[in-house]
Amino acid sequence: MKNETVVDLQKPDRPPFESWTTSSLRLLPLIDNSKPGAITETTPSPSSSPFYRHGHSLTAATTRDGELFLFGGHANGVKSNDLYSISARKFSITPIRTHGDIPTPRSGHVCAFVSDRLIVWGGETIADGGQTEELDNVLYALDLDNYEWRRLKTSGSSPSGRCGHSASVIGTMLYIFGGHARGVVRDDLWALDLGKKDGKLSWERISIARRGAPKRTGHACIAYKNQIIIFGGTDLEFYYDDTYILDITTRRWTKEDYAGFSVRKDHSASLIDDTVYVFGGRGPDRKDLKDLLAFRITDRRWYAFTFPDGPMPSACSSHGMASIGSRLFVLGGVPSKTGKGESSPAIHILETREYGQGVSYGLIKLGILQRKCYPRMQSVQR
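Residues numbered from 1 in each chain as written. Predicted model: local features only at pLDDT ≥ 70, side-chain atom pairs only at ≥ 80, totals over all residues. Heavy atoms only, no water.

### Observations regarding the overall build of the protein
Right, so step 1: Secondary structure summary: the protein contains one helix and 39 strands in total.
Right, so step 2: Looking at the protein as a whole, 53% of its 382 residues are labelled buried.
Right, so step 3: A separation threshold of at least 6 residues defines the contact pool for the protein, and within that pool the share at least 24 residues apart is 60%.
Right, so step 4: Here the protein displays about 17200 Å² of accessible surface, and carbon together with sulfur accounts for 47% of that area. (Helix = DSSP H or I, 4+ residues; strand = E, 2+ residues; numbered from the N terminus. Buried < 20%, exposed > 50% of the residue type's maximum accessible area, 1.4 Å probe, protein only. Contact = heavy atoms within 4.5 Å. Areas by Shrake-Rupley, 256 points an atom, 1.4 Å probe, with all protein chains shown as cover.)

In structure tokens:
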């Protein structure tokens, strides 16, 4: 059984909530900081569009200058290792030529800002001149001052190569969870301190005090204070809509109530204040979704949004999502089979704090559907 409560506290004296907006990104000239005589493998053309693209990584946070970075993914059907800087303030996208130990073309990887560096790990890569594909477990770091890549050496055991995993950052700690490799889905959690002054890096496999989150890939993951929150994903047999929260201090997972929404994988998530926003993804029927959900961390409740007619992102999966202030940004992704991929450099934007009343009011004034249900999972269609 399922208990549904509709809450609509929108005040009649306020204008209706403005839905998503879409802005074209101005494609700016190539930035080339390569050293004379250096061998460069990342050569995006400033005259070509970075889209249609999916399986790429997009930083969840911005630099001090308000920039997001997009790396790799399937660009027009081919794995890539190109890098773009996106200014969400100026609505522009800039291709960047990098040098050094450049990561091979890949998709299904993760990237994150840690200690003023762009970190890239994992994914399915192209090797042997494009003849074979392999799963990479090399750790790469990009210096954002000169755009030089370095391979970071680690000692001891390390997580195996995989794709569909998640990355989260708390302080200088990088956490990797789940993913899959050659049909095997993982439930392991690894941590790496990238802030060590001596520069000696070593991975630690986190031992969980109690039973941890079940194995999964294609899930969403967000770090909040000393917590890591995961939602959804698949174990390649079933799709999920469950939520698990890890306290990194006690190293214990907590299982929350099921959201009661469509099960999914390859969705995206972003954090604003104490609220995790989730958009899109793909269901077990192989159809992509275009709904926006929110999980309020402080009261452990899920919310669904309803929007008036207007522009919003197409149903998609394997896209990128980020937040700046109170705004959400969605970029790229795989379209539904009934639709077309976005080939223009466009970004979709949602202002969650339209009237300065905070996220809580933004949730309520949309007309919320709060739902709880018994645990659900749906099998994959073969």
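### Some words on the pattern of salt bridges
Right, so step 1: Under the definition given, this model contains 16 salt bridges.
Right, so step 2: The salt bridge involving E124 is made with K79; its shortest N-O contact spans 3.2 Å. Taken together, the positions of E124 in strand β14 (residues 124-127) and K79 in strand β8 (residues 78-87) put the pair 45 residues apart, joining distant regions of the chain.
Right, so step 3: Given a relative accessible area of 28%, E124 falls into the partly exposed group.
Right, so step 4: For E204, the salt bridge identified is with R251, shortest N-O distance 3.0 Å. Remark: R251 occurs in the loop between β27 (238-247) and β28 (252-255) and E204 occurs in strand β24 (residues 201-205); sequence separation between them is 47 residues.
Right, so step 5: A relative accessible area of 27% places R251 in the partly exposed class.
Right, so step 6: Beyond isolated ion pairs, a larger network of salt bridges with shared partners links K79, E124 and E133. (Salt bridge = Lys/Arg side-chain N within 4 Å of Asp/Glu carboxyl O.)

### Things to note about unusual backbone geometry
Negative phi is the rule for most residues except glycine; trans is the rule for most peptide bonds.
Right, so step 1: A positive phi angle is found at R251, which is not glycine, with a value near 60 degrees.
Right, so step 2: The backbone of R300 shows a phi angle near 55 degrees, a positive value even though the residue is not glycine.
Right, so step 3: Here R300 shows up in the loop between β31 (292-296) and β32 (301-304).

### Focus: empty space enclosed by the protein
A water-sized probe, rolled over the atoms, reveals where empty space remains.
Right, so step 1: If you walk through the whole model with that rule in mind, you get four cavities of 30 Å³ or more.
Right, so step 2: Estimates place the volume of the second largest cavity at around 50 Å³.
Right, so step 3: A220, C221, I222, I229, I230, F231, T243, A269, V276, F295 and W302 are the residues that line the second largest cavity.
Right, so step 4: Elements represented by at least two residues in the lining of the second largest cavity include exactly β25 (220-224) and β26 (227-234).
Right, so step 5: Across the lining of the second largest cavity, the residue classes break down as ten nonpolar, one polar and no charged. (1 Å grid on protein atoms, 1.4 Å probe; cavity = no way out; pocket = protein on both sides within 12 Å on 5 of 7 lines; lining within 4 Å. Points joined across faces, edges and corners; volume = space filled by probe spheres on them. Nonpolar A, V, L, I, M, F, W, Y, C, P; charged D, E, K, R; others polar.)

### Here we look at the packing of aromatic side chains
Right, so step 1: Counting across every chain of the model gives nine aromatic pairs.
Right, so step 2: Grouping aromatic residues by their ring pairs yields a cluster made of F231, F261, F295 and W302.
Right, so step 3: Here the guanidinium or amino end of R216 rests over the ring plane of Y240, the centre of that ring lying 5.3 Å away. (Phe/Tyr/Trp six-rings, centres within 6.5 Å; stacked < 30°, edge-to-face > 60°. Lys NZ or Arg CZ within 6 Å of the ring centre and 35° of its normal.)

### Considerations on the side chain of S270
Right, so step 1: Looking at the element boundaries, S270 is found in strand β29 (residues 268-272).
Right, so step 2: There is a polar contact of 3.1 Å between the side chain of S270 and the side chain of S323. (Polar contact = N/O pair within 3.5 Å; in protein donor to acceptor, adjacent residues only side chain to side chain.)

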